[in-house]
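Geometric and topological summary
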2 protein chains.
Amino acid sequence: MYRSHNCGELRTSNESENVTLAGWVHKVRDKGFMVWVDLRDRYGITQLIFDEERSSKTLIDQAQKLGREFVIQVEGKVIERASKNPNIPTGDIEILVAKLVVLNEALLPPFTIEDKTDGGEELRMKYRYLDIRRNPVKESLIFRHRVTQEVRNYLTNEGFIDVETPYLIKSTPEGARDFVVPSRMNEGQFYALPQSPQTFKQLLMIGGIDKYFQIVKCFRDEDLRADRQPEFTQIDCEMSFVEQEDVLNAFEGLTRHLLKEINGVEVSSFPRMTFDEAIKKYGNDKPDIRFGMVFGELNAVTQHKDFNVFNSAELVVGIAVPGANSFTRKEIDKLIDWVKRPQIGALGMVYCRCNDDGSYKSSVDKFYDQDDFSKWAEITGAQTGDLICVLSGDASKVRGQLSALRMELAEQLGLRKPDEFAPLWVVDFPLLEWDEETERYHAMHHPFTSPKPDQIALLDTDPGAVKANAYDLVLNGNEIGGGSIRIHDKETQALMFDHLGFTKEEAKDQFGFLMNAFEFGAPPHGGIAFGLDRLVAILGGQETIRDFIAFPKNNSGRDVMIDAPSPIDEEQLAELSLKLNLKS
Amino acid sequence: MYRSHNCGELRTSNESENVTLAGWVHKVRDKGFMVWVDLRDRYGITQLIFDEERSSKTLIDQAQKLGREFVIQVEGKVIERASKNPNIPTGDIEILVAKLVVLNEALLPPFTIEDKTDGGEELRMKYRYLDIRRNPVKESLIFRHRVTQEVRNYLTNEGFIDVETPYLIKSTPEGARDFVVPSRMNEGQFYALPQSPQTFKQLLMIGGIDKYFQIVKCFRDEDLRADRQPEFTQIDCEMSFVEQEDVLNAFEGLTRHLLKEINGVEVSSFPRMTFDEAIKKYGNDKPDIRFGMVFGELNAVTQHKDFNVFNSAELVVGIAVPGANSFTRKEIDKLIDWVKRPQIGALGMVYCRCNDDGSYKSSVDKFYDQDDFSKWAEITGAQTGDLICVLSGDASKVRGQLSALRMELAEQLGLRKPDEFAPLWVVDFPLLEWDEETERYHAMHHPFTSPKPDQIALLDTDPGAVKANAYDLVLNGNEIGGGSIRIHDKETQALMFDHLGFTKEEAKDQFGFLMNAFEFGAPPHGGIAFGLDRLVAILGGQETIRDFIAFPKNNSGRDVMIDAPSPIDEEQLAELSLKLNLKS
């Protein structure tokens, strides 16, 4: 072993012990007659001291030649520091070095190994191994491990079995695009990497493993948006002989456990809200309920007056922004500009100040009187001192716009507190959603989701109205998990494939094994999958997931550190019975 | 919830409780006036009873129509059984059923769902979801989960951090063949699936994560031998600031922990043996040391007599088979036939009986006298009652042959006890091995393994003689883990690539990122990887790994259940800028 202690553990109680430490040279302060070196490892920083009086000339020379990030090993004695540093746990002591060995030299790193580094995103990714030395990244990776351990131990204690499902599976065109893997031994054939272990976990249920979980990599070949990775990690779970309520309770338990063990937070309530209600009250299916600003629909009190913008709108809807009466005209104009940006797309915004004296002052005073405004206030829940913001237009668009505005205002007003947690189940999702491009219905969750049994008949008459036994777990405005009760009989599954536009042959070709399995005694079952990368980031109070992934890919799906993907040999291609067929 | 209890938990203490159970119909015994149903789930079997006196006619009718593997739900009362079954934990009670609901019917399964099934391997794989309902497979999967939990908890307590490394990485022609994944977004370029996270774990060490582990899928596109899978699971570990001894101690700790917690076995010793010694004493680098039959080299006492077979042999080597003097002539002839099979390839076998009266009787009595044989006995450690088996020929071939014979005899004599565990470290592996086919040296472990520092100079003069800081953990004659101290400086790594026949450009192209990383302060480090599938099988006392893998592939790399791999759409190929280039 190269060390007797790590760089985070020595205290005054170790005084006068002879110790051996190893680590990285974090900083050198050279006063000529005296040299201090901050030695760093995963556990912390310990100060080394070399001085004319107590150290040999050779040793001081050696110390003076150390560069940042050199890897060294030192032997020495723990002594009390003359001037203590209360900011680090080892700040009361230092090591009077007797021997120094350079284990490896280092080039000057391309960015500083500090909590706030001077390195940009791209440079940090190229030298990710240096980035990981920085506390924020290192701590994020350790945090992720803590979370996964808690998940595994909790679910194990609850009787769930961790089963590994295969990575080399079968390509199915439903859902997102698959990554495929050519098979050398089966000429002209391909495996696909799993978008999720969905069918395998259902087969495990049919196999009698009635509580399953797995923390598993999944793959989607999608055009990447910011914060999307081609490979990502799921906490994948499934249970047999359960109804929706049982699944919600089981994973409310897991979430409570994580919030308590990881964040020290006991959540008082775990509300449930239907999809329809979430859309109506928050304009989106993953509302952040840590703060109010619940939508108030104002059609009844704004239309049939002389204001044509509202009269012609399908929906007039407002929110009461707490305390925002104090916004200056300029600040409000900035908000109006913000909602009119193409990303949001509103045509304008009407506002109404709720003055301290109980009166109202609005941008549409010439169309409405104080009585009207008091109704606006009543419906939006506005109090004295608030600002009512109103948008209007096509219902589904305007809800999205107001939802975006609500989140922006919450951000500005500091209402999205990273250490406050408000989980929410959104239930009763629609089974299908219409896709404009392909002009057919798609499964909103996936094609194995069970419609509400009493609504199956509706599939023929009004497919878009059919609700599913599907649910999302929302935490602070982020979907952290989603699942459903599954179809477990061949007839309903066939009906579903039929409604999704599969021919009988396509369904059989792609999912025949599952349909067959349904014929051999499939139990009722359902489950959920959590997006681990996002879950960890949110529990860690962060918005972006990259620091919680050791080696993330960039927006073109590239690993810029190892420079992958990359061309392969002609020979390798030929072995796979493939030829390049470049477009350009 | 479909059930109040599972099928394994009810006891006489539950008598007269009303319960709801759900599960599979395991067996129906219909006496007309009385029907018993064995209801099965993951946890066990509970007997249901329906009878003329206490059950309605409708209910009995229902029960009589149940088929094997139907999924049902029943409500009823726990009663004491008239005739108890001491073989199952629920054998004292049964359920007098009041209500029966068929949740799903089932076709007759293609094989029986029993511990000893009538289904052959292929049928079981095609209907793996039914196979998993059988106790041996189900228990193996649960056993695997227990092992991985113990591994994770032990390593976590020891300060190791579980870090996920990427699956979409870079193809490198060194080692086995990669599975590749075409990138749609990076035309003409490919990711590779990892054969192991080797370079990433080394980068984590350079990143300061000084104790890493991961239970991770790895991929090798090799022609499959029996019991090899194209995707397999490793317990992958790495440590910084360690020497070989530290790694051995750390993972001796893990192995002791597993044997204790999983098997209830406290291993007394954990011996270490050099590679050379293992080859000399057992003819192979993964000796099963649960029993003796250590090789005795007999050249000195057999050559220069008149027996030309031995005189012309590079090596004459024997083992003392305990108590095998009692083998009949026929049994010995069978052994001789066995070593002459092409898979073993010996030309013959000489034997010598150690008679109860202290005399010897051999197949080469005309060339050797009793004095000679007593020396054979001394060297092989043969006792009265043993049989000495002697092979001769080319040293490396004959060692392999005798090793195979030793294992076969141990099997026959019942010396390979599945509940006895004898771990062994084999150390000081050669750094390189000569490959006849490519006529160059290959890395025996992998190209990142450190040569013994004092032997680096030998690389130029006698590369084959250089030993590495590489080690294997052997358990009961199986390699369950292997690792090494790694190279951590650019110069040695470049030297190594040079000796492996890489040009500077090839080394830079494929491993440039690692060589660069070595320049920014790489700590000394080393690690190990365990083959989880095999480890679990051995701890479970089994020879084959398939039952410990939920969805294994067959010897052609096919998943016969889902029928993968399979052809993909022209459109999908075109998107990936690929064309098929079939050989046939």
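The rules behind the values
- Residues numbered from 1 in each chain as written.
- Chains lettered and ligands numbered in written order.
- Predicted model: local features only at pLDDT ≥ 70, side-chain atom pairs only at ≥ 80, totals over all residues.
- Heavy atoms only, no water.
- Helix = DSSP H or I, 4+ residues; strand = E, 2+ residues; numbered from the N terminus.
- Contact = heavy atoms within 4.5 Å.
- Lys, Arg positive; Asp, Glu negative; His and termini not counted.
- Charge placed at Lys NZ, Arg CZ, Asp CG, Glu CD.
- Buried < 20%, exposed > 50% of the residue type's maximum accessible area, 1.4 Å probe, protein only.
- Arc of directions from axis to C-beta.
- Buried area = accessible area lost by both parts, 1.4 Å probe.
- Salt bridge = Lys/Arg side-chain N within 4 Å of Asp/Glu carboxyl O.
- Polar contact = N/O pair within 3.5 Å; in protein donor to acceptor, adjacent residues only side chain to side chain.
- Pairing = 2+ DSSP bridges.
- Axes fitted to C-alpha atoms, helices over the stretch in contact; angles between N-to-C directions.
- Least-squares fit on C-alpha atoms with pLDDT ≥ 70 in both.
- Phe/Tyr/Trp six-rings, centres within 6.5 Å; stacked < 30°, edge-to-face > 60°.
- 1 Å grid on protein atoms, 1.4 Å probe; cavity = no way out; pocket = protein on both sides within 12 Å on 5 of 7 lines; lining within 4 Å.
- Points joined across faces, edges and corners; volume = space filled by probe spheres on them.
- Nonpolar A, V, L, I, M, F, W, Y, C, P; charged D, E, K, R; others polar.
- Expected span 1.5 Å × (residues − 1).
- Disulfide = S-S within 2.5 Å.
- Parallel < 35°, antiparallel > 145°, perpendicular 65-115°, else oblique.
- Left-handed = near helix turned anticlockwise from the far one by under 90°.
- pLDDT = per-residue confidence, 0-100.

Moving on: the overall build of chain A. From N to C terminus, chain A includes 17 helices and 23 strands. With the C-alpha coordinates of chain A rotated into their principal frame, the extents come out at 90 × 75 × 55 Å. Looking at chain A alone, contacts between residues at least 24 apart form 66% of all its contacts between residues at least 6 apart. Looking at chain A, you have 69 positive and 94 negative side-chain charges, and the mean spots of the two groups are 5 Å apart.

All names here are of chain B. Those residues of helix H7 (residues 275–282) lying buried are Phe 275, Ala 278 and Tyr 282. The arc enclosing the buried residues of H7, seen along the axis, measures out at 70°, which places them on a common side. Next to the buried residues of H7 lie strand S11 (272–274), helix H12 (395–412) and strand S17 (423–427). Directly beyond the C-terminal end of H7, a positive phi value near 70° is found at Gly 283.

In this section: the interface of chain B and chain A. The partner chain A presents 129 residues to the 129 residues of chain B that form the contact. In this assembly, chain B packs against chain A so that about 11,400 Å² is buried in total across both faces, 58% of it on carbon and sulfur atoms. It is B:Glu164, B:Phe241 and B:Phe520 in chain B that bury the most area against chain A; as a group they hold 7% of the surface buried on that side. One can count 12 salt bridges joining chain B with chain A. A salt bridge links A:Arg177 to B:Glu575, with the shortest nitrogen-to-oxygen separation between them at 3.0 Å. The interface formed by chain B and chain A holds 84 residue pairs in polar contact (both at pLDDT 80 or more) in total.

Residues and elements named next belong to chain B. In space, the 5 strands of this closed barrel follow the order S1-S2-S3-S5-S4, with mixed pairing throughout. Looking at each pair of strands side by side, their axes are set apart by 55° on average, direction ignored. Across 2 bridges, strand S3 (residues 44–51) lies against strand S5 (residues 93–104) in parallel orientation. The residue of S5 that forms the bridge with Leu 48 is Ile 95.

In total, this model carries 94 salt bridges over all chains according to the counting rule given. It is possible to trace a salt-bridge network through shared partners that takes in A:Glu121, A:Arg124, A:Arg128, A:Asp131, A:Arg134, A:Arg546 and A:Asp547.

Let us look at the relation of the copies chain B and chain A. At an RMSD of 0.1 Å, chain B and chain A line up after a rotation of 180° and a shift of 0.0 Å along the axis. What the rotation and shift describe, once combined, is the action of a two-fold rotation axis. Both copies present the same face, since 100% of the interface residues in chain B are matched by interface residues at the equivalent positions in chain A.

Here we take up the packing of aromatic side chains. Residue and element names in this part refer to chain A. Counted according to the given criterion, the structure contains 55 aromatic pairs over all chains. When the ring of Phe 307 is compared with that of Phe 367, the centres are 4.8 Å apart and the planes differ by 35°; the resulting orientation is tilted. Linking Phe 307 in the loop between helix H8 (299–302) and helix H9 (308–311) with Phe 367 in the loop between strand S15 (360–362) and helix H11 (370–380), this pair joins segments that are 60 residues apart in sequence. By relative accessible area, which is 11% here, Phe 307 ends up buried. Given the relative accessible area of 27%, Phe 367 is considered partly exposed. Ring centres of Phe 310 and Trp 376 lie 6.2 Å apart, and the angle between their planes is 50°; this geometry places the pair in the tilted category. Residue Phe 310 is located in helix H9, and its partner Trp 376 is located in helix H11; the two are separated by 66 residues in the primary sequence. Here Phe 310 matches Trp 376 in class, with each residue buried.

A few words on empty space enclosed by the protein. All told, the structure shown has 11 cavities of 30 Å³ or more when counted by the stated rule. Of the voids in this model, the largest cavity is the one considered here, and its volume is about 360 Å³. Mapped onto the lining of the largest cavity, the elements with two or more residues apiece are helix H4 (135–157) and strand S9 (211–219) of chain A together with helix H4 (135–157) and strand S9 (211–219) of chain B. Residues of the lining of the largest cavity, tallied by class, amount to 8 nonpolar, 9 polar and 10 charged.

Residues three or four positions apart in an α-helix share a direction because the helix packs 3.6 residues into each turn. The end-to-end C-alpha distance of helix H6 (residues 244–263) of chain A, which contains 20 residues, comes to 27 Å, matching closely the 28 Å that a straight helix rising 1.5 Å per residue would cover. A positive backbone phi angle near 65° is found at A:Gly264, which sits one or two residues after H6(A).

Here we take up the side chain of B:Gln229. Considering the arrangement of structural elements, one finds B:Gln229 in the loop between S9 and strand S10 (231–240). Those residues in contact with B:Gln229 that sit more than four places away from it in its chain are B:Leu224, B:Ile545, B:Arg546, B:Ile549, B:Pro552 and B:Lys553.

This part is about the environment of A:Val97. Residues and elements named next belong to chain A. Mapping Val 97 onto the fold places it in strand S5 (residues 93–104). Along the primary structure Val 97 and Arg 54 are separated by 43 residues, whereas in three dimensions their C-alpha atoms are 9.2 Å apart. If near-sequence neighbours (up to four positions away) are discounted, Val 97 is found in contact with Leu 48, Ile 49, Phe 50, Ser 55, Leu 59, Val 74, Glu 75 and Gly 76.

Taken as a whole and judged by the stated rule, the model has 0 disulfides over all chains. For B:Cys389, which is in no disulfide, the shortest distance to another cysteine sulfur is to B:Cys352 and amounts to 9.9 Å.

With that settled, consider the environment of A:Ile95. Residues and elements named next belong to chain A. Here Ile 95 shows up in strand S5. The class of Ile 95 is buried, set by a relative accessible area of 0%. A sequence separation of 45 residues divides Ile 95 from Phe 50, and the C-alpha atoms of the two residues are 8.6 Å apart. Those residues in contact with Ile 95 that sit more than four places away from it in its chain are Leu 10, Val 19, Leu 21, Thr 46, Gln 47, Leu 48, Ile 49, Gly 76, Lys 77 and Val 78.

Attention now moves to the packing of H4(A) against H6(A). Residues and elements named next belong to chain A. Look at H4 against H6: their axes get within 10 Å of each other, and the N-to-C directions meet at 140°. The angle between H4 and H6 falls in the class oblique. Crossing hand, H4 versus H6: right-handed. In this structure, H4 contributes Phe 143, Arg 146, Val 147, Glu 150, Val 151, Tyr 154 and Leu 155 to the contact, and H6 contributes Ala 250, Phe 251, Gly 253, Leu 254, His 257, Leu 258, Glu 261 and Ile 262. Here the contact of H4 with H6 is composed, by residue class, of 10 nonpolar, 2 polar and 3 charged.

Let us look at the sheet that holds strand S16 (residues 387–393) of chain B. Residues and elements named next belong to chain B. Within the open sheet, the 5 strands sit side by side as S12-S13-S16-S14-S15. Their pairing is antiparallel. A strand with exactly one partner marks an edge of an open sheet, and here the two such strands are strand S12 (296–297) and strand S15 (360–362). Where strand S14 (residues 350–354) lies against S15, 3 bridges are found, and the strand directions are antiparallel. The residue bridging Arg 353 from the neighbouring strand is Lys 361, located in S15.

Now for the side chain of A:Asn325. Residues and elements named next belong to chain A. With respect to the helices and strands, Asn 325 occurs in the loop between strand S13 (315–321) and helix H10 (329–340). One polar contact links the side chain of Asn 325 to the main-chain carbonyl oxygen of Cys 354, over a distance of 3.1 Å. With near-sequence residues (within four places) excluded, Asn 325 lies in contact with Arg 353, Cys 354, Asn 355, Asp 356, Gly 385, Asp 386 and Leu 387.

All names here are of chain B. Among the 7 residues that make up S16, 6 are buried, leaving the element largely enclosed by the rest of the structure. Bridge analysis of S14 against S16 gives 4 bridges, and the strand direction is antiparallel. Paired with Cys 352 across the two strands is Ile 388, which belongs to S16.

Residue and element names in this part refer to chain B. Burial runs high along S14: 5 of the 5 residues are buried. Of the two faces of S14, both are covered, the one formed by Val 350, Cys 352 and Cys 354 as well as the one formed by Tyr 351 and Arg 353. Counted between consecutive antiparallel strands, the loop separating S14 from S15 contains 5 residues, among which Gly 358 sits at a positive phi close to 90°.

Within chain A, residue pLDDT values average 95, and 99% of them lie at 70 or more. Predicted as a complex, the structure gets a pTM of 0.95 and an ipTM equal to 0.95.

A few words on the packing of helix H10 (residues 329–340) of chain B against H12(B). When two helices pack together, their arrangement is given by the angle between their axes and by how far apart the axes lie. All names here are of chain B. Taken N-terminus to C-terminus, the directions of H10 and H12 make an angle of 140°; their axes are 10 Å apart at the nearest point. Here H12 runs oblique to H10, going by the angle between their axes. Crossing of H10 against H12: the hand is right-handed. Listed contacts from H12 to Leu 335, Trp 338 and Val 339 of H10 are Ala 404, Leu 405, Glu 408, Leu 409 and Gln 412. Broken down by class, the residue content of the contact of H10 with H12 amounts to 6 nonpolar, 1 polar and 1 charged.

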